[in-house]
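Examining the three-dimensional arrangement
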Amino acid sequence: LPLLLKATLLRLASGSYRPFYNGFYYNHIMNDNGDGQDKVDYFNGARLVVETSKDPVYSYNGANVTLPCHYRYEPDMGPKRKIRVKWSKLRDDYTKEQDVMVAIGKTYMAFGDFKGRAHLRQASRHEASLVISDVRLKDDGKYRCEVIDGLEDESDVVDLRLQGIVFPYQPPRGQYRLNFHEAEQVCQDQGAILANFNQLFQAWSEGLDWCNAGWLADGTVQYPIRLPRKPCGGVHLAPGIRSYGQRHRHLHRFDAFCFSSALKGEVFYLDRLAGMTLEEAKQSCQDAGAEIARVGQLYSAWKFLGLDRCSAGWLADGSVRYPIATPRANCGPAEPGVRSFGFPSKGRFGVFCYKER
């Protein structure tokens, strides 16, 4: 081969590049002659096909999940071949990938936050499924399963979605005080992460109606409206997700939409006859072998465990709230939800505590 063509073929074979498709398929053969010659590629007439789940795979915080991926050859190539598998996590706009794991045969390596949590399942012939243990909030998203056999490089995408709840958040100092990075931090402080658009859309479809704009994980600012009204985009706009588009992540300030999933522990309520100050509330939780609950933990307990308490309690951020699963007299509006008393500078209340199981 001319030197330039040979160099191009070697570059394609050594990286995860998608070769130009010309209607033919190739088989990568090692040269075992011991003469120092490089690999040779031969036409084999087979097509590599990679398939994942067309439907989203659902999981929740702390669970184990398997993202299915299988490959095959058309026509069948016979005995299982030694191929390379690469899993990547994608951004919603497909512009950037995060390496999750690569594997050749039974040898694999996981990267970043996936170290010790990701491995390949090869329970059947031509399987390349990804197993993620102890699922985390940030694991939600799209994953690419890529199978590489010589010059053949095919892939498919599967969507992992965490079952959870989106809640709007304002800090103690009031509305529209958070830039993007501060919004990321306040969600993290509340046992949550910034919600993505799919999570906000799901919350809207389940009834979330909130007229204050908040940051999402992609740097956009949006808000969900179920009942159109003048202060919220106008009465003539249809219900939906209102968007301000991309905003400056340092200069512009809004609220935050946070996302939390199921809990690994339980939230419970403590009280004294005379109530407690915030500091006394924190100490009471510690005395009970727990910690004062975060906002995201209270929302999760309300959503997934049906926590219902018509008594206000302190939370870790200094707010006072209470969860209502069954609306009733003297417990706020007629709809289920987490009620808020804001951030009282003084006062005595009960406390919601969180304890790991």
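Residues numbered from 1 in each chain as written. Predicted model: local features only at pLDDT ≥ 70, side-chain atom pairs only at ≥ 80, totals over all residues. Heavy atoms only, no water.

A separate point is the nonpolar core. The nonpolar side chains of a soluble globular protein tend to be buried, and buried together. By size, the foremost hydrophobic cluster in this structure holds 89 residues, and its most contacted members are Leu67, Trp87, Leu130, Tyr143, Val267 and Phe352. A per-element tally of this core places helix α5 (residues 295–305) first, with five residues. (Core = buried A, V, L, I, M, F, W, Y, C linked by side-chain atoms within 4.5 Å. Buried < 20%, exposed > 50% of the residue type's maximum accessible area, 1.4 Å probe, protein only. Helix = DSSP H or I, 4+ residues; strand = E, 2+ residues; numbered from the N terminus.)

An α-helix turns once per 3.6 residues; consequently, residues spaced three or four apart project the same way. Within helix α4 (residues 278–287), the full set of buried residues consists of Ala281, Ser284 and Cys285. Burial along α4 is one-sided: seen end-on, the buried residues are contained in an arc of 95 degrees. Of the exposed residues in α4, the ones pointing more than 90 degrees away from its buried face are Glu279, Gln286 and Asp287. Buried residues belonging to α4 abut β20 (265–270), β21 (291–292), β22 (313–314) and β25 (350–356). Trailing α4 by a residue or two, glycine 289 shows a phi angle of about 75 degrees, which is positive. (Arc of directions from axis to C-beta. Contact = heavy atoms within 4.5 Å.)

Across the sheet, which stays open at both edges, the three strands sit in the order β5-β11-β10 with antiparallel pairing between neighbours. What marks the edges here is a single partner per strand, and that holds for β5 (65–67) and β10 (118–121). Across the sheet, the mean angle from the axis of one strand to that of its neighbour is 30 degrees, orientation sign disregarded. (Pairing = 2+ DSSP bridges. Axes fitted to C-alpha atoms, helices over the stretch in contact; angles between N-to-C directions.)

Further remarks concern the environment of leucine 298. Among the structural elements, leucine 298 can be located in helix α5. Remark: the alpha-carbon pair of leucine 298 and tyrosine 354, spanning 56 residues in sequence, is separated by 8.6 Å.

Time to look at the environment of leucine 273. On the secondary structure map, leucine 273 appears in the loop between β20 and α4. Exposure remark for leucine 273: the relative accessible area of 93% places this residue in the exposed category. Separated by 76 residues in sequence, leucine 273 and phenylalanine 349 place their C-alpha atoms 9.4 Å apart.

Reading across the sheet, the six strands line up as β4-β13-β12-β7-β8-β9 and stay open at both edges, with mixed pairing between neighbours. Whereas interior strands pair on both sides, the edge strands pair on one side only; in this sheet they are β4 (57–59) and β9 (107–110). Between one strand axis and the next, the sheet turns through 25 degrees on average, direction left out of account. Bridge count for strand β7 (residues 84–90) against strand β8 (residues 97–104) is seven bridges, and the pairing is antiparallel. Bridging from a neighbouring strand, lysine 86 pairs with valine 102 of β8.

The subject of this paragraph is the pattern of salt bridges. Under the criterion given, the structure shown has 19 salt bridges. Of the charged contacts, one joins glutamate 97 and arginine 144 as a salt bridge, the two residues approaching to 3.1 Å between their closest N and O atoms. Of this pair, glutamate 97 sits in strand β8 while arginine 144 sits in strand β12 (residues 141–149), placing them 47 residues apart in sequence. The salt bridge involving aspartate 139 is made with arginine 117; its shortest N-O contact spans 2.9 Å. In this pair, aspartate 139 sits in the loop between β11 (129–132) and β12 while arginine 117 sits in the loop between β9 and β10, placing the two residues 22 residues apart along the sequence. Looking at aspartate 139, the relative accessible area reads 3%, which means it is buried. Classification of arginine 117 as buried rests on a relative accessible area of 5%. (Salt bridge = Lys/Arg side-chain N within 4 Å of Asp/Glu carboxyl O.)

The next subject is the packing of aromatic side chains. Under the counting rule described, the total for this entry stands at 15 aromatic pairs. Judged by centre distance (6.4 Å) and plane angle (90 degrees), the ring pair of tyrosine 71 and tyrosine 73 falls under edge-to-face. Through a chain of ring-to-ring contacts, three or more aromatic side chains come together here, namely Tyr176, Phe180, Trp215, Tyr223, Tyr244 and Phe254. Between the NZ or CZ atom of arginine 226 and the centre of the ring of tryptophan 204, over which it lies, the distance is 5.4 Å. When the ring centre of phenylalanine 180 is taken as origin, the NZ or CZ atom of arginine 249, which lies over that ring, is 4.3 Å away. (Phe/Tyr/Trp six-rings, centres within 6.5 Å; stacked < 30°, edge-to-face > 60°. Lys NZ or Arg CZ within 6 Å of the ring centre and 35° of its normal.)

What follows concerns the side chain of aspartate 159. Position of aspartate 159 among the secondary structure elements: in strand β13 (residues 152–162). Separated by 2.9 Å, the side chains of aspartate 159 and arginine 161 make a polar contact. Once residues within four sequence positions are removed from consideration, aspartate 159 is found in contact with Pro56, Val57, Gly141 and Lys142. (Polar contact = N/O pair within 3.5 Å; in protein donor to acceptor, adjacent residues only side chain to side chain.)

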